[in-house]
Every structure is written in C-alpha cells, then in structure tokens.
Amino acid sequence: LFGQTKLTLYADQAETKINKEIYGHFAEHLGRCIYGGIFVGEDSEIPNTRGFRDDVTGALIDMKIPLLRWPGGCFADTYNWKDGIGPREERPSMVNVHWGGVTEDNSFGTHEFLDFCDLINAEPYINVNVGSGTVREASEWIEYVTSSNISPMTDLRKKNGREEPWDVKYWGIGNENWGCGGNMTPEYYADVYKNYATYSRGADYKIACGASDSDYNWTDVLMKKMQGKENLMQGLSLHYYTITHNWTVKGSATDFDEKEWFTTLSKTLFMDELIQKHSTIMDKYDPEKRVGLIVDEWGNWFDVEPGTNPGFLYQQNTMRDALVAGINLNIFNNHADRVKMSNIAQTINVLQSVILTKDDEMVLTPTYYVFKMYSVHQDATLIPANLKTDKYELDGQSVPAVNASASTKDGVISITLCNLNPNAGENVELSLHGSELSTSNAQIITAKNMNDFNDFGKNESVSLEEFNVPNPKSGKLTFELPAKSVVLVQLK
Ligand code: AHR
C-alpha cells in the first residue's frame, strides 16, 4: 500500500542557518540522569574518565552532541551553586525536593559539568536560580565561571583548581518561573528578570523563562516589557512536552495501540502551531528576529516504567519516540529563522532519553539514532521546501503522513523525512530546483513493530541502517518511504 508525496526543494533560495544548538540536550539533577548516567565517580568499577562514564561519553561524542543544558529544570531554582564547588568531601548535601526527595551530595557541580562539556565537545548552557536564589548569587556564579578579572570569585575558582575562565555563552535566568520556579505572573517575572539580567555581566546570551505550551500571554508580556532593554534578553524559552493522555495518566512508553500512536504524533505536530504563534507575537516586538526562541524542554513524557521511582521519570523509548524526535527536529529546522536552540529532555535515563543505563550496561535508544542521523543539519543552511503529502487517517481524524526538512552544507543536500503512517509506505517524488546533483545515499530508522525498543542484554530492534534510493536524474528522484520510518537522503 503506497501513498503519494511530492517534495519540492528550492536549493537556490537557501539562506537561513540551522544553528547546531537546535540539536541540544538537557541534563538535570533528576533520577539517574547525572548520577549513574553521566557521573559514577572515579572509584567506580564502571570504566570512567575523572568519574564520567566512558561508554556514555563515547556515545554522546559519536552522536555529535553540540550543547548541554544544566542543572535543571525545576532543580535549578533550588540549587545553591556554592555547595557544588571545592573539595568533594567538604561539600554540603541537600534534599532534591522536586525529584524523589533524595539526598543530593553535590559531588557533580560546576567544575564537573564544565569538564564533562569539554570532554564531549558540547557548549554548556547553565540555568541560574531565580526562584529561591538571589541576584548576587547568580551574578557571582557568572563571575566565577566567566571572569578573567582579579576578584574574590575568580580567586575562589583558582583555589579550586581552575586558573582560566570557561567560555560559557548561554545562561538561563530561572526555569518555569510560572510554576516550580516561583509561581510568578509574567509581569512580576519580567521585572525580576531585568534585575537579574542587569547584574549578569559576562553572560553573553541571556535566556528568559518563556511560556508553557500555548500561554501566548506570557510571551506577549515578556516581549512587551523588554522593549527598550533589548541588550538584556537574547533568548526567550518555550517548554512543550508531548503527553499522550493527560498529566495524571500519561500513558505507557511501550504498551500502546495505534490510537495512542496516532494521538502522540498528532500532539507532537502541535509544536509547529506553537512555534508559529509564539513567533508571530515575537515578530510584533522584534521584527528583525533578534531574540531567539529557545525550546529548552521538549519530548515525550510517559508514565514511569512499572516498578521504578515515580520521582525519577525513567521511561523506555520505542520507534514512536524516533518519530516524535524526527518530527520535532524537522519542525525546528523549518523555523530556524526564529528557533535558535532546543534541548530534548533529558539526555540519559530521564524522559525521552538518547541513552539508558543499568549498572555498567548501556542502551542507545531509537531517539539516539535520530539525533545521530540528523546531525548533518547542524550549522547547515535550511532549504525552503514545499511538501504535498497524503493524510494518515484513523477513526475519522487525520494528520499529514509525511513530515520533512532539508538543508545544504559543504555541497551536500540532506533531506530528513518521517512517515507517520505505521501501515503504509509513501511514494516520494523529490524535485530539486537550482541544483544538478547526481548521486545519492540514504539511511533509515524503522522497526518491525511500532512499539519495538532496544533493551539491555538484547540485540538492538531499532537502529540506523543503510537504505537504497536511486540517483537523481535531471533534478528528480523517486523512492519509497517505508511505513513508520525516519529516513535521511543525501545528494551530492
Ligand atoms: O524535565 C522535567 C521537568 O519538566 C523539569 O524539571 C521542569 O522544568 C519541567 O516541568
């Protein structure tokens, strides 16, 4: 069974850069993301470098992780950064009130985070504490990290073993301050933000807490109240999670039927409308698109795996997650004029992870392979495209069967396509304007069943494989896009 999709690419009109930061990740002090996932300590039997798992480090480098956000999330607005520096045995502990009430021993702090970012070649993005912190604490943290002046903070950094400042460009000023970060109104937060941002000297790219989902008023108030203070805000965030059912019963990560598959994908497509509407508001105040829309939390949020700590947000990851990642990343690419960064939640063992670990074992999830496949878009130039596709219908509802984006870099055109339909392939007819490329290669992520996943101690059910497509002739190429698949076609 095959439908028809026509994708026309205007390679001669490519001009918008797809920031590599769109492929960013998020790691919070939550469950086993940091402890056990990234950091096991030097004394662990798990092979590690300065306490960082070697298997995880290698996999993230291979995936070309460009950026990592830390330390939260809701955790960020409870975090006292000074508890996470200095000799480990002297660091005070705290209770992680948001995530399971466990004791946080602060053995992974600023130095460890920035050391890890160096190790995996990722840009760091640090989120300061607004909800329960002070302007002074935040400004001292930024000074500690970025300053080359002589000051008590830089002396402290040197005493802790780091002579040179780090190059940290991205700083988030609070997280979800409409909720876990202080339950503020947008008007109040905007004023608080200005206060923090004023004293955030050394933070080149300051990101304000933005809206949850479709809270368009939040975006409007922030943009309005920042008028005349443009130098204080370079980015405004947006958080949107795909929840299949509702916040009380979110649905299982692995045990789902086609109805739930459909609902999940259709709710994921809502990201496009969200970005369009938030961007339209931003355009009103910022037509030059100076302020970036930073989607610094996104992904699937399911019920935790049965038997695991409900506060640890540990979930498996199936072929459905691969589609959700592929769709979102295509949407971000297509809005690269406004979306300057995004961060999937959360790198390891939490929500829609790219990696799962169990003791010394590691599993690469279907989402991992999507990020690896899509890494070709990092810092490439977006190619405007026109997509005409069938509908994927179920129970009287429908979504477009195919979702796609395309870019060009170093003389190579890369097209990523998602077929949302789990039952039917699509005949894709690709037309290329303004390019005479003649050879092609392709890769695919697909699975036998829509809920296939990779598990510990078993062969992978979902991974990245070579895929055959014919070479283009006179700017045209036709191929079959299999049911429930994510495909990369590259033309040279
Ligand atoms: O990613 C998990 C949590 O989701 C984050 O801590 C918070 O910002 C959001 O509500």
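Thresholds, definitions, all that
Residues numbered from 1 in each chain as written. Predicted model: local features only at pLDDT ≥ 70, side-chain atom pairs only at ≥ 80, totals over all residues. Helix = DSSP H or I, 4+ residues; strand = E, 2+ residues; numbered from the N terminus. Rg over C-alpha atoms; globule rule 2.2 N^0.38 Å. Buried ≥ 20, exposed ≤ 12 C-beta atoms within 10 Å, placed from the backbone. Pairing = 2+ DSSP bridges. Domains from an automatic or database assignment. Contact = placed C-beta atoms within 7 Å. Nonpolar A, V, L, I, M, F, W, Y, C, P; charged D, E, K, R; others polar. Axes fitted to C-alpha atoms, helices over the stretch in contact; angles between N-to-C directions. Near = placed C-beta within 6 Å. Core = buried A, V, L, I, M, F, W, Y, C linked by C-beta atoms within 7 Å.

Please explain the overall build of the chain as it appears in this structure.
Helix and strand counts for the chain come out as 9 helices and 26 strands. By the compact-globule yardstick of 23 Å for 492 residues, the chain fits well, its C-alpha radius of gyration being 22 Å. Overall, the chain is about 65 × 55 × 45 Å in size when its C-alpha atoms are taken along their principal axes. For the chain, buried positions account for 50% of its 492 residues.

Would you mind going over the pairing of strand β1 (residues 2-10) with me for this structure?
For a regular strand, the rule is simple: side chains alternate between the two faces of the sheet. Taken together, the 9 bridges between β1 and strand β22 (residues 425-433) define a ladder with parallel strand orientation. Looking at the pairing, T5 lines up with V428 of β22.

Is there a simple way to think about the domain arrangement of the chain in this case?
Interface extent is often summarised as the accessible area lost during association of the parts. The domains assigned to the chain are domain 1 (2-9 + 383-491) and domain 2 (18-378). A C-alpha centroid distance of 29 Å is found between domain 1 and domain 2. The partner domain 2 presents 35 residues to the 29 residues of domain 1 that form the contact. Sorting the residues of the side of domain 1 that touches domain 2 by element identifies β20 (402-409), β21 (412-419), β23 (440-446) and β26 (485-491) as the ones contributing at least two each. Counting residues per element, the side of domain 1 that touches domain 2 draws most heavily on β20, at 4 residues. Partitioned by chemical class, the residues of the side of domain 1 that touches domain 2 number 15 nonpolar, 10 polar and 4 charged.

Got a minute to help me understand the sheet that holds strand β12 (residues 292-300) in this structure?
The pairing of strands in a sheet happens through backbone hydrogen bonds and is either parallel or antiparallel. The parallel closed barrel is built from 8 strands, whose spatial order is β2-β5-β8-β9-β10-β11-β12-β13. Adjacent strand axes in the sheet meet at a mean angle of 30°, parallel and antiparallel pairs treated alike. Pairing of strand β8 (residues 123-128) with strand β9 (residues 170-173) involves 4 bridges; the strand directions are parallel. Pairing of Y125 across the sheet is with Y170, part of β9.

Whenever I open this one, the site of the ligand confuses me. Can you help?
Close contacts around the ligand come from E28, G72, G73, C74, N175, E176, E297, A345, Q346 and L351, and that covers them all. Taken together, the residues that form the shell around the ligand break down as 3 nonpolar, 4 polar and 3 charged.

Sorry, what's going on with the nonpolar core here?
Generally speaking, soluble globular proteins have nonpolar side chains that are buried together. Core analysis: the biggest nonpolar cluster contains 147 residues, and I173, A322, L323 and V370 have the highest contact counts within it. Ranked by residues supplied to this core, first place goes to helix α8 (residues 319-334) with 9 residues. Lining this core are residues from two domains, each supplying at least three of them: domain 1 (2-9 + 383-491) and domain 2 (18-378). With residues near it in sequence (within four places) discarded, I173 still touches V128, V130, Y193, Y196, A197, S200, K206, I207, A208 and C209.

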